[in-house]
Amino acid sequence: MAVCRYHPDRAGVGICMRCRAVICASCSTQVEGINHCFACLKALAARPVRPVSSWSPLWSAGLVLAGSWLILFVLLLLVRGSQ
Ligand SMILES: [Zn+2]
Ligand SMILES: [Zn+2]
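Residues numbered from 1 in each chain as written. Chains lettered and ligands numbered in written order. Predicted model: local features only at pLDDT ≥ 70, side-chain atom pairs only at ≥ 80, totals over all residues. Heavy atoms only, no water.

Draft legend 1. Up close: the overall build of the protein. The number of helices and strands found in the protein is two helices and four strands. Element order for the protein, N to C, with α for helix and β for strand: β-β-β-β-α-α. Buried residues in the protein amount to 13% of all 83 residues. Considering only intrachain contacts with a sequence separation of at least 6, the fraction spanning at least 24 residues in the protein is 9%. Of the accessible surface of the protein, which amounts to about 6800 Å², a share of 68% is contributed by carbon and sulfur atoms. (Helix = DSSP H or I, 4+ residues; strand = E, 2+ residues; numbered from the N terminus. Buried < 20%, exposed > 50% of the residue type's maximum accessible area, 1.4 Å probe, protein only. Contact = heavy atoms within 4.5 Å. Areas by Shrake-Rupley, 256 points an atom, 1.4 Å probe, with all protein chains shown as cover.)

As structure tokens, this is what we get:
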């Protein structure tokens, strides 16, 4: 049976999604719905709260979408103006 990486006397109930370590109930903490072990939680806490990922793909996709709508609009104006 798998035991906790940090407590060899305790049964492992989950796996850290970051380092794949088997962890017991008292070692596992859910961060954003994902299991994290004690060590990874510490590593996460050491990082700044908001990473640079505020420039998410969603944001860029929104920009591209807005840009293509603008181009469509301008094209429509051009087509209407030529008639
Ligand atoms: Zn971990
Ligand atoms: Zn443990």
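Next comes the rest of the write-up.
Draft legend 2. Structural view of the side chain of Asn35. Structurally, the position occupied by Asn35 is in strand E4 (residues 34-36). Reaching out from Asn35, the side chain makes a polar contact with the side chain of Gln30 at a distance of 3.4 Å. (Polar contact = N/O pair within 3.5 Å; in protein donor to acceptor, adjacent residues only side chain to side chain.)

Draft legend 3. Spotlight on the coordination of the zinc ion (ligand 1). The protein atoms that coordinate the zinc ion (ligand 1) are Cys16 (SG), Cys19 (SG), Cys37 (SG) and Cys40 (SG), at distances of 2.3 Å. Coordination at the zinc ion (ligand 1) comes from four donor atoms whose angles at the metal span 105 to 116°, giving a geometry best classed as tetrahedral. Positions of the donor residues of the zinc ion (ligand 1) along the chain correspond to the pattern C-x2-C-x17-C-x2-C. Its relative accessible area of 7% is what places Cys40 among the buried residues. (Donors = N, O, S within 2.8 Å, 3.2 Å for Na, K, Ca; no water. Tetrahedral: all angles 85-135°; square planar, octahedral: opposite > 155°, others 65-115°.)

Draft legend 4. Structural view of the coordination of the zinc ion (ligand 2). Those donors, Cys4 (SG), His7 (ND1), Cys24 (SG) and Cys27 (SG), are the protein atoms that reach the zinc ion (ligand 2), and they lie 2.0 to 2.3 Å from it. Around the zinc ion (ligand 2), the four donor atoms are arranged such that angles at the metal cover 98 to 114°; this shape is classified as tetrahedral. Spacing between the donor residues of the zinc ion (ligand 2) along the chain follows C-x2-H-x16-C-x2-C.

Draft legend 5. Quick peek at the packing of aromatic side chains. A complete count under the given rule lists one aromatic pair for this structure. Summarising the aromatic geometry, the rings of Tyr6 and Phe38 are spaced 6.2 Å apart at their centres and angled 75° between planes, so their arrangement reads as edge-to-face. With Tyr6 in the segment before strand E1 (14-15) and Phe38 in helix H1 (residues 38-46), this residue pair connects regions lying 32 residues apart in the sequence. For Tyr6, a relative accessible area of 29% translates into the label partly exposed. (Phe/Tyr/Trp six-rings, centres within 6.5 Å; stacked < 30°, edge-to-face > 60°.)

Limitation: the analysis is restricted to geometry and does not speak to function.
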